[in-house]
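Structural overview for review
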Amino acid sequence: MFTVINAPGGAERIGFSQVEAPVAAANQVLVDVRAFSVNRGELGLLDVRPAGWRPGQDIAGTVAAAAADASGPAVGARVVGRVEGGGWAEQVAVDVGEVAVLPDEVSFADAATLPVAGVTALRTLRLGGNLLGQRVLITAASGAVGRFQVELAAAGGALVTAVAGKRHEDGLRALGAAEVVPETAAADGLFSLISESPGGASLTAAISKIEPGGTIVLTGTTSGEPGTASIYDFIGHEGARIQSFLSYATGPFGTDLGRLAALIAAGRLHPAIGYLDDWKSLPDALAAFADRAFTGKAVLTIP
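Here the structure is a predicted model, which is why all the values come from computation and not from measurement.

Right, let's get into the overall build of the protein chain. Per the secondary structure count, the protein chain includes 8 helices and 15 strands. A compact globule built from 303 residues would reach a C-alpha radius of gyration of about 19 Å, and the protein chain, at 20 Å, matches this within 12%. Viewed in the frame of its principal axes, the protein chain has a C-alpha envelope of about 60 × 40 × 35 Å. Looking at the protein chain as a whole, 49% of its 303 residues qualify as buried. Residue pairs in contact within the protein chain that sit at least 24 positions apart in sequence constitute 68% of those at least 6 positions apart. When the accessible surface of the protein chain is totalled, it reaches about 12,800 Å², and 54% of it is carbon and sulfur. Within the protein chain, one finds 21 positive and 30 negative side-chain charges whose respective centroids are separated by 2 Å.

In this section: the packing of helix 1 (residues 40-48) against helix 8 (residues 282-290). Running from N to C, helix 1 and helix 8 cross one another at 110°; their axes reach a closest spacing of 11 Å. One element, helix 1, and the other, helix 8, form an angle in the roughly perpendicular class. Counting all contacts with helix 1, which are made through Arg40, Leu43 and Leu46, the residues of helix 8 involved are Leu286, Phe289 and Ala290. Of the residues assigned to the contact of helix 1 with helix 8, the class counts are 5 nonpolar, no polar and 1 charged.

Before going further, it helps to examine the pairing of strand 8 (residues 135-138). Direction of pairing for strand 8 relative to strand 9 (residues 159-163): parallel, over a ladder of 4 bridges. Counterpart to Val136 in the pairing with strand 9 is Val160. Taken together, strand 8, helix 4 (residues 144-155) and strand 9 constitute a β-α-β crossover, and its handedness is right-handed. Note: strand 8 against strand 11 (residues 191-196), 3 bridges, orientation parallel. Counterpart to Val136 in the pairing with strand 11 is Leu193.

About the thresholds
Residues numbered from 1 in each chain as written. Predicted model: local features only at pLDDT ≥ 70, side-chain atom pairs only at ≥ 80, totals over all residues. Heavy atoms only, no water. Helix = DSSP H or I, 4+ residues; strand = E, 2+ residues; numbered from the N terminus. Rg over C-alpha atoms; globule rule 2.2 N^0.38 Å. Buried < 20%, exposed > 50% of the residue type's maximum accessible area, 1.4 Å probe, protein only. Contact = heavy atoms within 4.5 Å. Areas by Shrake-Rupley, 256 points an atom, 1.4 Å probe, with all protein chains shown as cover. Lys, Arg positive; Asp, Glu negative; His and termini not counted. Charge placed at Lys NZ, Arg CZ, Asp CG, Glu CD. Axes fitted to C-alpha atoms, helices over the stretch in contact; angles between N-to-C directions. Parallel < 35°, antiparallel > 145°, perpendicular 65-115°, else oblique. Nonpolar A, V, L, I, M, F, W, Y, C, P; charged D, E, K, R; others polar. Pairing = 2+ DSSP bridges. Right-handed = clockwise from strand over helix to strand, strands pointing away.

Structure, rendered in structure tokens:
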């Protein structure tokens, strides 16, 4: 089978190589991949992982071989799943706890947007508890995780303020944002839950916007800026906490993937795909993604 391999230092950053088909463990299904998506964190990994490393976490496709222990979906089932690596390939072995069967209404392309971004959005919002009537602030709201957070939080009854550029305002309001501001510091009032990913000055501003007892969920540091915090920053925000979130440490993805896929099928969740093409165009997709030339996920399909 063919798979994508890392080629650091090369003009296209990746290459295609023919390798042996994967051998599934007893608790794994073998999936013929039909679509996969790219996460921004994977761009950085391409620069630091060795040549020959096989990237890819978000996959969707059909089950080619069922799990030997009979714990997963049957052959032919349409599934979405998450793997630790090697997902940008024609075939991949996936733990049964990391897959969910797709409703017929959900395309492989839409499903492939869900594993890292969708599950991160769902699980970070859960850290805020019951969101009904609560004020929630989402930084980097125009990104894949942010857009999912905005729509899911609004569906949960939250009053959502999104942090994004002016050109994203209409789209975020359509997803349920009550307000769109250009930066965290510009938001009015205090919030019970803040999803914070830029770090640096954005994190400092988030502390000034959290209500007493509220939660700031820290998901990244995309600005590259160092952040600082002092106990005195929490005067007026007593009891607020900063909660780290690392998606790989939050347990199997399968159940939540099923929930998210069901929301898409019901027309209640709308993945944003900004780049969709055959996987042979992956070098172009990576370049465009790095340049932020589009909004939403990059999804590549395998015929």
